[in-house]
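Residues per chain, in single letters:
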Amino acid sequence: MKLPQQNPKGRDGGCDCLPRPAAQAPDAAPPPVEASAATTYVLRYEDRWFGMEKRVAFEAPDVAAALAMMEHEPIGGWAELSKDGEIVCRRGGEPDGAADYWVAD
């Protein structure tokens, strides 16, 4: 197996060495980091098992994805989802305890 070596003649032709990244000036700024498209949501709800209020903050790209992420939380009798301090939707349910649903505000 051949080991990578610098081309002593200064030419890249015929060199079997590994590719090298382009040299950057030491004072060059690093490339900009792309901003996340996700939004921070806060789920406030009554815990089904303990009956106490809980708050969970998480990021999601949109409300539909946020609702899908909350599917596994042990939500009790009530819940509300907010974004930037504004309530986006609340959990509702049938009086007899049948189906649960979310109501958009």
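This text goes with the structure placed above it.
Quick caveat, the model's predicted, so the values are computed rather than measured.

1. Regarding the pattern of salt bridges
- For the structure shown, the criterion picks out five salt bridges.
- We note a salt bridge from Glu 53 to Arg 44, for which the minimum N-O separation is 3.1 Å.
- The exposure class of Glu 53 is partly exposed, given its relative accessible area of 39%.
- A salt bridge links Arg 90 to Glu 80, with the shortest nitrogen-to-oxygen separation between them at 3.4 Å. A residue pair is termed long-range when its members are at least 10 positions apart, and Arg 90 in strand S4 (residues 86–93) and Glu 80 in strand S3 (residues 75–83) qualify at ten residues.
- Each of Arg 44, Glu 53, Arg 55, Glu 80 and Arg 90 takes part in a single network of salt bridges with overlapping partners.

2. A short note on the environment of Glu 86
- Assignment of secondary structure puts Glu 86 in strand S4.
- For the pair Glu 86 and Tyr 41, spaced 45 residues apart in sequence, the C-alpha separation works out to 9.8 Å.

3. Here's the deal with the pairing of strand S1 (residues 39–47)
- Two strands pair when backbone bridges link them, and S1 and strand S2 (residues 53–60) are joined in this way by eight bridges, in the antiparallel orientation. For Arg 44, the partnering residue across the bridge sits in S2 and is Arg 55.
- Counting the residues that bridge the hairpin from S1 to S2 gives five residues, and of these Gly 51 lies at a positive phi of roughly 70°.
- In this sheet, S3 lies alongside S1 in antiparallel orientation, the contact comprising six bridges. Looking across to S3, one finds that Arg 44 is bridged to Glu 80.

About the criteria used
- Residues numbered from 1 in each chain as written.
- Predicted model: local features only at pLDDT ≥ 70, side-chain atom pairs only at ≥ 80, totals over all residues.
- Heavy atoms only, no water.
- Salt bridge = Lys/Arg side-chain N within 4 Å of Asp/Glu carboxyl O.
- Buried < 20%, exposed > 50% of the residue type's maximum accessible area, 1.4 Å probe, protein only.
- Helix = DSSP H or I, 4+ residues; strand = E, 2+ residues; numbered from the N terminus.
- Pairing = 2+ DSSP bridges.

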